Amino acid sequence: MKMSEEYPQPTAEGVRSLIEARMHLEGPMLPIVHAIQAEYGYVPEMALPLIADALNLTAAEVHGVVSFYHDFRHAPTGRHVVKICRAEACQASGGTAIAEHTLKKLGIDWNGTTENGAVTVEPVYCLGLCACGPAAMVDGTVVGRVDDARMDKLLAEAGA
């Protein structure tokens, strides 16, 4: 996963290139949107009408697909992404308290980014670590048995 400062600025030319490279696929919309997010770190609003035009859809239809899936971002993230599991097993083992502690400590809401741009916090609905909950993921690395102290250490390492 690229860090946010490594992502290029989205351009119409760049988005069109990503679209054209996937037009041969059956059902190309999701591969196109995934490629755009992989390239830019999020799906910029300016990409939606370009996708719609290429696929002969309305911008509203494309927006509906992009907004339906929680993993598609609508804004750039911080340099580090912390995902906190919101599934039932993690909630039952203290995940809600960890989430509240984290958001309060950082002064942000879900999907928010700290003022210094260091950390974005996102909800995720199961990391597959149910027996070791509450679980979190930091920049793609899964961490189990997270408590306030461990989360504070993870956030400090991320520069929050």
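Use the structure listed above.
Residues numbered from 1 in each chain as written. Predicted model: local features only at pLDDT ≥ 70, side-chain atom pairs only at ≥ 80, totals over all residues. Heavy atoms only, no water.

With 20 residues, the main nonpolar core has Val 15, Val 33, Ile 36, Val 43, Ile 51, Val 62 and Val 66 as its most contacted residues. Counting residues per element, the ones that place at least two in this core are α1 (12-20), α2 (29-40), α3 (47-55) and α4 (59-68). Setting aside its immediate chain neighbours within four residues, Val 33 contacts Val 43, Ile 51, Val 66 and Phe 72. One finds Val 82, Leu 103, Val 143 and Val 146 within the second-largest nonpolar core, a separate group that totals 18 residues. (Core = buried A, V, L, I, M, F, W, Y, C linked by side-chain atoms within 4.5 Å. Buried < 20%, exposed > 50% of the residue type's maximum accessible area, 1.4 Å probe, protein only. Helix = DSSP H or I, 4+ residues; strand = E, 2+ residues; numbered from the N terminus. Contact = heavy atoms within 4.5 Å.)

Another point: the sheet that holds strand β4 (residues 141-143). Read across the open sheet, the 4 strands follow the order β2-β1-β3-β4; overall the sheet is mixed. Every interior strand has two partners, whereas the edge strands, β2 (119-124) and β4, have only one. Taking each pair of neighbouring strands and ignoring which way they run, the sheet shows an average axis angle of 25°. For strand β3 (residues 136-138) and β4, the ladder comprises 3 bridges, and the chain directions are antiparallel. Opposite Met 137, over in β4, you have Val 142 as the bridge partner. Sitting on the sheet, helix α6 (residues 95-106) touches β1 (80-85) and β2, and the angle it makes with β2 is about 155°. Across the sheet, helix α7 (residues 148-157) lies against β1, β2, β3 and β4, angled at about 160° from β1, the strand it touches most. (Pairing = 2+ DSSP bridges. Axes fitted to C-alpha atoms, helices over the stretch in contact; angles between N-to-C directions.)

Shape descriptors only; they carry no functional weight alone.
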